[in-house]
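Here's the letter readout for the chains.
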Amino acid sequence: MRILALTMAGILLAAPSNAGELISGTNSYETTERWWMTTDGSGYYMYDSEGQIEMKTGPLPDGPVECHGAGFWSPRRIQGEGVCIFGAPPHRWTVTFIMDPESRVAKTAEGYQRRGTWMVANGSGKYLGMTGSGTFITDDVVDMKKTTHWEGEVELPK
């Protein structure tokens, strides 16, 4: 039993050495949205966004970002998913994201904020082999402008 406890402690102590780098940033972009009503109070949406990312922490640079997504809304919930592509060729990385299926009943007077998770899907150039994941929260779209705040952890290729 003591050997098992020492082995587990060794594994737990070794885990942080494999950890990636903490990152956070804000995407600000122009958004084009399209909606289709499917029934009363429910529908399908698609959007395309292009803009800039401003890094707050971590080793990644500021630069261009484009995001594309789609989903479904109803009186009870909003769900959706998509991709964001960061950087400029030949050095780009792509993340997939999915919104948490939150209840619309929880909407506050300050506005409904879409939240979810993201995961690095792939990279090119110096980001080939990049991995990572994290969370995001998106502010309301105002005058076709959107802001997304995100954070997480990435491991860059060596």
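One can find the structure itself at the top, above this paragraph.
The sections below set out a description of the structure shown in this document. Here the structure is a predicted model, which means the values were calculated and not measured. (Residues numbered from 1 in each chain as written. Predicted model: local features only at pLDDT ≥ 70, side-chain atom pairs only at ≥ 80, totals over all residues. Heavy atoms only, no water.)

**Quick word on the sheet that holds strand S6 (residues 114–123)**
Then comes step 1: Read around the barrel, eight strands follow the order S1-S2-S3-S4-S5-S6-S7-S8 and close on themselves; strand pairing throughout is antiparallel. Put simply, the sheet's adjacent strands are angled 25 degrees from each other on average, direction ignored.
Then comes step 2: Two elements, S6 and strand S7 (residues 131–138), share six bridges in a ladder whose sense is antiparallel. Looking across to S7, one finds that Thr117 is bridged to Thr135. (Pairing = 2+ DSSP bridges. Helix = DSSP H or I, 4+ residues; strand = E, 2+ residues; numbered from the N terminus. Axes fitted to C-alpha atoms, helices over the stretch in contact; angles between N-to-C directions.)

**A look at unusual backbone geometry**
Then comes step 1: The linkage connecting Pro89 with the following residue, Pro90, adopts the cis geometry, with an omega of 5 degrees.
Then comes step 2: Along the chain, Pro90 turns up in the loop between strand S4 (78–88) and strand S5 (91–99).

**Details of the state of the cysteines**
Then comes step 1: Counted according to the given criterion, the structure contains one disulfide.
Then comes step 2: Between the sulfur atoms of Cys67 and its disulfide partner Cys84 the distance amounts to 2.0 Å. Disulfide Cys67-Cys84: torsion about the S-S bond near 110 degrees, hence right-handed. Residue Cys67 is located in strand S3 (residues 63–73), and its partner Cys84 is located in strand S4; the two are separated by 17 residues in the primary sequence. For the pair shown, Cys67 and Cys84 are each scored as buried. (Disulfide = S-S within 2.5 Å. Buried < 20%, exposed > 50% of the residue type's maximum accessible area, 1.4 Å probe, protein only.)

**Quick notes on the pairing of S6**
Then comes step 1: Direction of pairing for S5 relative to S6: antiparallel, over a ladder of seven bridges. The residue of S6 that forms the bridge with Met99 is Gly116.

**Quick look at the packing of aromatic side chains**
Then comes step 1: For the structure shown, the criterion picks out six aromatic pairs.
Then comes step 2: With a centroid separation of 5.7 Å and an interplanar angle of 85 degrees, the aromatic rings of Trp118 and Trp150 are classed as edge-to-face. Taken together, the residues span a long stretch of sequence, with Trp118 in strand S6 and Trp150 in strand S8 (residues 145–155) at a distance of 32 residues. Here Trp118 matches Trp150 in class, with each residue buried. (Phe/Tyr/Trp six-rings, centres within 6.5 Å; stacked < 30°, edge-to-face > 60°.)

**Comments concerning the nonpolar core**
It is characteristic of soluble globular proteins that their nonpolar side chains tend to be buried jointly.
Then comes step 1: Counting 24 residues, the largest nonpolar core has Leu60, Phe86, Trp118 and Trp150 as its most contacted members.
Then comes step 2: For this core, the secondary-structure elements that each account for two or more residues are strand S1 (21–39), strand S2 (42–57), S3, S4, S5, S6 and S8.
Then comes step 3: Apart from the residues within four sequence positions on either side, Trp150 is in contact with Ile23, Ser24, Gly25, Thr26, Asn27, Ile53, Met55, Phe86, Trp118, Thr135 and Phe136. (Core = buried A, V, L, I, M, F, W, Y, C linked by side-chain atoms within 4.5 Å. Contact = heavy atoms within 4.5 Å.)

**Points about the environment of Thr96**
Then comes step 1: As for its position among the elements, Thr96 is in strand S5.
Then comes step 2: For the pair Thr96 and Trp118, spaced 22 residues apart in sequence, the C-alpha separation works out to 5.5 Å.

**Quick word on the pattern of salt bridges**
Then comes step 1: Enumeration over the complete set of coordinates arrives at four salt bridges.
Then comes step 2: Ionic pairing is found between Asp48 and Arg34, a salt bridge with its closest N-O pair at 3.3 Å. Of the two residues, Asp48 is situated in strand S2 and Arg34 in strand S1; the sequence distance between them amounts to 14 residues.
Then comes step 3: The salt bridge partner of Glu54 is Lys56, with a shortest N-O separation of 3.3 Å. (Salt bridge = Lys/Arg side-chain N within 4 Å of Asp/Glu carboxyl O.)

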